[in-house]
Amino acid sequence: MTQARLMDGTALARRIVEDTARKAAGVTERTGTAPCLATVLVGEDPASVTYVRMKQNRCRKAGIESRHVALPASTTAGELVGTLRELSDDPGVHGILLQHPVGDHIDERAAFEAIAPEKDVDGVTFASFATMSFGLPGFVSCTPGGIVRLLDEYGVDPAGKRAVVVGRSAILGKPVGMLLLARDATVTYCHSRTRDLSAAVREADIVVAAVGRPRLIRGQDIKPGAVVVDAGYNAGNVGDVDFDSAVERAALITPVPGGVGPMTIATLLEQTVTAAARQLGV
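First things first, this report covers the structure right here in the doc. (Residues numbered from 1 in each chain as written. Predicted model: local features only at pLDDT ≥ 70, side-chain atom pairs only at ≥ 80, totals over all residues. Heavy atoms only, no water.)

### Looking at the overall build of the protein chain
Check the secondary structure of the protein chain and you find 10 helices and nine strands. Radius of gyration (C-alpha) of the protein chain: 19 Å, near the 19 Å computed for a compact globule of 282 residues. Along the longest, intermediate and shortest principal axes, the C-alpha atoms of the protein chain span 55 × 40 × 35 Å. When burial is assessed residue by residue, the protein chain has 50% of its 282 residues classed as buried. Within the protein chain, residue pairs in contact and separated by at least 24 positions form 71% of the contacts whose partners lie at least 6 positions apart. Roughly 12900 Å² of accessible area belongs to the protein chain as shown, and the carbon and sulfur atoms make up 51% of that amount. The positive charge centre, built from 30 side chains, and the negative charge centre, built from 32, are 4 Å apart in the protein chain. (Helix = DSSP H or I, 4+ residues; strand = E, 2+ residues; numbered from the N terminus. Rg over C-alpha atoms; globule rule 2.2 N^0.38 Å. Buried < 20%, exposed > 50% of the residue type's maximum accessible area, 1.4 Å probe, protein only. Contact = heavy atoms within 4.5 Å. Areas by Shrake-Rupley, 256 points an atom, 1.4 Å probe, with all protein chains shown as cover. Lys, Arg positive; Asp, Glu negative; His and termini not counted. Charge placed at Lys NZ, Arg CZ, Asp CG, Glu CD.)

### Focus: the pairing of strand β3 (residues 65-71)
With seven bridges joining them, strand β2 (residues 36-42) and β3 adopt parallel strand pairing. Counted as the bridge partner of Leu41 is Ala70 from β3. A crossover connection joins β2 to the parallel β3 through helix α2 (residues 46-61); in handedness this β-α-β unit is right-handed. (Pairing = 2+ DSSP bridges. Right-handed = clockwise from strand over helix to strand, strands pointing away.)

### A few points about the pattern of salt bridges
Taken as a whole and judged by the stated rule, the model has 11 salt bridges. Residue Arg183 pairs with Asp152 through a salt bridge whose shortest N-O separation is 2.8 Å. Here Arg183 is found in the loop between α7 (173-182) and β6 (186-190), whereas its partner Asp152 is found in helix α6 (residues 142-153), with 31 residues between them in sequence. Judged by its relative accessible area of 32%, Arg183 falls in the partly exposed class. (Salt bridge = Lys/Arg side-chain N within 4 Å of Asp/Glu carboxyl O.)

### Some words on α7
Among the residues making up α7, those that are buried are Gly173, Pro175, Val176, Gly177, Leu179 and Leu180. Positive backbone phi, approximately 70°, marks Asp184, located one or two places after α7.

### Observations regarding unusual backbone geometry
Cis rather than trans, the peptide bond between His100 and Pro101 has omega equal to 10°. Cis geometry marks the peptide bond from Val256 to Pro257; its omega dihedral reads 0°. With respect to the secondary-structure elements, Pro257 resides in the loop between β9 (252-253) and α10 (260-280). We note that Asn237 has phi near 55°; this positive angle belongs to a residue other than glycine. Along the chain, the position of Asn237 falls in the loop between β8 (227-230) and α9 (243-246). Given the relative accessible area of 40%, Asn237 is considered partly exposed.

### Some words on the nonpolar core
Within soluble globular proteins, side chains that are nonpolar generally end up buried alongside one another. Counting residues in each nonpolar core, the largest one holds 42 residues, and the members touching the most others are Ile64, Ile147, Leu151, Val208 and Val227. For this core, the leading source of residues is α10, giving nine residues. Filtering out sequence-adjacent residues up to four positions away, Val208 remains in contact with Ile147, Val164, Val165, Val166, Val176, Leu180 and Val229. In this structure, Ala38, Val93, Leu98 and Val124 belong to the second largest nonpolar core, which totals 20 residues. (Core = buried A, V, L, I, M, F, W, Y, C linked by side-chain atoms within 4.5 Å.)

### Overview of the sheet that holds strand β4 (residues 95-98)
Remark on secondary structure: sheet strands pair via backbone hydrogen bonds, oriented parallel or antiparallel. The strand order across the open sheet formed by three strands is β3-β2-β4, and the pairing between neighbours is parallel. Since the sheet does not close on itself, it has two edges, and those belong to β3 and β4, each with one partner. Each adjacent strand pair in this sheet contributes to an overall mean axis angle of 20°, direction not counted. In terms of strand pairing, β2 meets β4 through four bridges, oriented parallel. (Axes fitted to C-alpha atoms, helices over the stretch in contact; angles between N-to-C directions.)

### A look at the packing of α2 against α10
Two elements in contact, α2 and α10, have axes whose closest approach is 11 Å; the angle formed by their N-to-C orientations is 55°. Overall, the two elements α2 and α10 adopt an arrangement that is oblique. For α2 against α10, the interelement crossing comes out right-handed. For the pair α2 and α10, contact is made by Tyr51, Met54, Lys55, Arg58 and Cys59 and by Thr264, Ile265, Leu268 and Leu269, respectively. When its residues are assigned to classes, the contact of α2 with α10 shows six nonpolar, one polar and two charged. (Parallel < 35°, antiparallel > 145°, perpendicular 65-115°, else oblique. Left-handed = near helix turned anticlockwise from the far one by under 90°. Nonpolar A, V, L, I, M, F, W, Y, C, P; charged D, E, K, R; others polar.)

Don't take any of this as a statement about function, it's just geometry.
Given below as structure tokens:
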């Protein structure tokens, strides 16, 4: 059997960032103000610190200013909400990214809701989920948005297809299902309480794995010719799909790393420039 074709998120993300850089330069030239993304980090989780630093570097390459707000792990929920509201009110900031996790002592949802919808370039607020669900102008959750762009790039039309989303997080599983539904897919959500997950996956034309459990989805459960999108990232550069077995049955599959991850950051940068253009009226 022919092995699956890899969906190269790195190459597509590079093109998106190059286009975003041109748009950012245009905004700066017309307004005298560069698009600005504020990143907020609570504590010093090593993975989060590395991820934020990577986003800052990508911002610079795309002509986007990066303002970083580092808060101690002892920051209270009220203090974090206050910081996010200040950034929301600051006309010099066009997009806001709250790096999560923020600590068990903080209500993460309350913190997200302190971000003004027009600056929610990470697509994490109730308002953003609503616009995604209703197909209205707004900002998509970055990873789901990147997944849909990948599907488009490889000519995958979800219309009429059975899509199984394994995972139901508020910023990945649920929104990617809504975006696929908007493309006329028939969407099934699976999760930790799903009975016979393997049976559900076997029916899927499109599988999106977004549960955070290494190699949960086995190749033997992939429908021959299915499209497999692995949005998981676990220790050791391992996704939620057993790649070696799945690649033997799928038609298209995302690698880990190099598949969904680069698309997430590219979508974030693109939405930041879009937010800046809207706020600056250009």
